[in-house]
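Summary of structural features
Now for the letters of each chain:
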Amino acid sequence: MTDLKSFLNDRAPADLSRLLLNIASASLQVRRSLPFTTKLTRGVNPSGERQTEIDLYANEVFASTLLATGTVSEVASEEMAEPRKGVGRIHVAMDPLDGSSNIATNNPVGSIFGFYSSPLPCSGEHMVGSAFVTYGPMLTLTYTTGAGVHTFVAAEGREGDPFILMEESSVIPSEPEVYGLGGQRSDWIEPVERFVTSLEGRGLKLRYGGTFVGDFNQVLRRGGIFGYPALKNKPHGKLRVLYEAAPMAFISKRAGGYASDGSNDILSLAPTALAETTPLYLGSSGLVREV
Ligand code: FDP
């Protein structure tokens, strides 16, 4: 069994390795608290969404853990109006608890991290790595530092490093199986509606759970496409470029897939605000290019 620490040792730069190991151990702490901190607070995040206790708790755990590594220049978060400053080289943008509206119904949730070499906000062309955690039946950490997408799973009862290698060098399967698109069908722009009708005709299965991390993870493992499209009443979509779209686009592309806003590569977008949103389509390259 290969553990995360020894796997990272000769495959990733030292500062990214340290970040990933610390994210892994902080995710254990977040997972332990998930069942007990689910209430809504009175607060809203910079995108105007009501925050839950666990949004704030996960934000605190990850932000303080990352800053304490000494490798982080700043941490920007979906849950904070301003980044927190540190002393290292890497700029981190994170969604500490993705899909938190799913907690009340006990569906999987996740955490997303993008690692950048430039001050935020900046384009995805400055990404040096990204990662996501799933809190589902398994606690997994999927990451790339540029070469290959690798997944580790937390194994209960292991001393030291509990994360063991589950899948090395993932590639999105060439035969697409699933699709999932956010928003109401009646609000989809016409090309998206036409595309989905065509996918249904080709026998792809609808799999939409309402947590980006969980929904994208299915596409990564089974092939297909996830989208939160441009809507008639929300032309810029819902998902945030820095905190959600670019980190997952980086993983999608490193797993042989693609990610687009409908016209441009997601990683070429240069947001001017931390919480800027974008339409997003990602997964199997052929399907993303088609839509
Ligand atoms: P949530 O609002 O629960 O935090 O990040 C936003 C997000 O979840 C994504 O995880 C998810 O893909 C999407 O919103 C779900 O939106 P809908 O409720 O509109 O389907």
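As the structure is a computational prediction, the values presented were derived from the model and not from experiment. (Residues numbered from 1 in each chain as written. Predicted model: local features only at pLDDT ≥ 70, side-chain atom pairs only at ≥ 80, totals over all residues. Heavy atoms only, no water.)

**What to know about the site of the ligand**
Around the ligand, the surrounding shell holds 14 residues, and the nearest of these are Asp98, Ser101, Tyr208, Tyr228 and Glu244. Note that an oxygen atom of the ligand is positioned 2.9 Å from one of the side-chain N or O atoms of Lys238. In the complex, the protein chains occlude 81% of the 460 Å² of accessible area that the ligand would expose alone. Placement of the ligand is best described as lying within the largest pocket. Taken together, the residues that form the shell around the ligand break down as five nonpolar, five polar and four charged. (Near = heavy atom within 4 Å. Polar contact = N/O pair within 3.5 Å; in protein donor to acceptor, adjacent residues only side chain to side chain. Areas by Shrake-Rupley, 256 points an atom, 1.4 Å probe, with all protein chains shown as cover. 1 Å grid on protein atoms, 1.4 Å probe; cavity = no way out; pocket = protein on both sides within 12 Å on 5 of 7 lines; lining within 4 Å. Sits in = over half its atoms within 2 Å of the grid points. Nonpolar A, V, L, I, M, F, W, Y, C, P; charged D, E, K, R; others polar.)

**Observations regarding the packing of helix α5 (residues 212–222) against helix α6 (residues 241–254)**
Relative orientation of the contacting elements α5 and α6 amounts to 15°, with a least axis distance of 12 Å. One finds that α5 runs roughly parallel with respect to α6. In the packing of α5 onto α6, the handedness of the crossing is right-handed. From α5, Phe212, Val213, Phe216 and Leu220 reach across to α6, where they touch Glu244, Ala245, Met248, Ile251 and Ser252. (Axes fitted to C-alpha atoms, helices over the stretch in contact; angles between N-to-C directions. Helix = DSSP H or I, 4+ residues; strand = E, 2+ residues; numbered from the N terminus. Parallel < 35°, antiparallel > 145°, perpendicular 65-115°, else oblique. Left-handed = near helix turned anticlockwise from the far one by under 90°. Contact = heavy atoms within 4.5 Å.)

**Some details on unusual backbone geometry**
For the bond from Leu120 to Pro121, the omega torsion is 0°, close enough to zero to count as cis. Structurally, Pro121 is set in the loop between β6 (109–116) and β7 (127–135). Even without being a glycine, Asn106 presents a positive backbone phi close to 60°. In this structure, Asn106 sits in the loop between β5 (90–98) and β6.

**With respect to the side chain of Ser33**
Residue placement: Ser33 occurs in helix α2 (residues 14–33). A distance of 3.2 Å separates a polar side-chain atom of Ser33 from the backbone oxygen of Gln29. If near-sequence neighbours (up to four positions away) are discounted, Ser33 is found in contact with Ile54 and Tyr57.

**Focus on the sheet that holds strand β4 (residues 84–85)**
Through backbone hydrogen bonds, the strands of a sheet pair up, either in parallel or in antiparallel fashion. Taken together, eight strands build an open sheet; the order of strands is β4-β3-β5-β6-β7-β8-β9-β10 and the sheet is mixed. For this open sheet the edge positions go to β4 and β10 (163–167), each flanked by a neighbour on one side alone. The pairing of β7 with strand β8 (residues 139–144) spans six bridges and is antiparallel. Of the residues in β8, the one forming a bridge with Ala131 is Tyr143. The strands that helix α3 (residues 53–68) touches are β3 (72–77), β4, β5, β6 and β7; relative to β5, the one it contacts most, it runs at about 155°. (Pairing = 2+ DSSP bridges.)

**Examining the packing of aromatic side chains**
Considering all chains together, one arrives at seven aromatic pairs under this definition. Arranged with centres 6.2 Å apart and planes meeting at 75°, the rings of Phe132 and Phe216 form a pair that is edge-to-face. Taken as a pair, Phe132 in strand β7 and Phe216 in helix α5 lie far apart in primary sequence, 84 residues in all. Here the aromatic rings of Tyr208 and Phe226 are separated by 6.3 Å at their centres, their planes lie at 5°, and the arrangement is stacked. Residue Tyr208 is found in the loop between β12 (205–206) and α5, and its partner Phe226 is found in strand β13 (residues 224–228); the two are separated by 18 residues along the sequence. Here Tyr208 falls in the partly exposed class, since its relative accessible area comes to 36%. For Arg11, the ring lying beneath its charged end belongs to Phe7, and the centroid distance is 3.8 Å. Against the face of Tyr258 rests Arg289, its NZ or CZ located 3.8 Å from the ring centre. (Phe/Tyr/Trp six-rings, centres within 6.5 Å; stacked < 30°, edge-to-face > 60°. Buried < 20%, exposed > 50% of the residue type's maximum accessible area, 1.4 Å probe, protein only. Lys NZ or Arg CZ within 6 Å of the ring centre and 35° of its normal.)

**Let's talk about the side chain of Thr69**
Topologically, Thr69 is positioned in the loop between α3 and β3. Looking at Thr69, the relative accessible area reads 7%, which means it is buried. Among the polar contacts listed, one links the side chain of Thr69 to the backbone oxygen of Leu66, at a separation of 2.5 Å. Here Thr71 takes part through its side chain, which lies 2.9 Å from a polar atom of the side chain of Thr69. Those residues in contact with Thr69, other than ones at most four positions away along the chain, are Arg18, Leu19 and Asn22.

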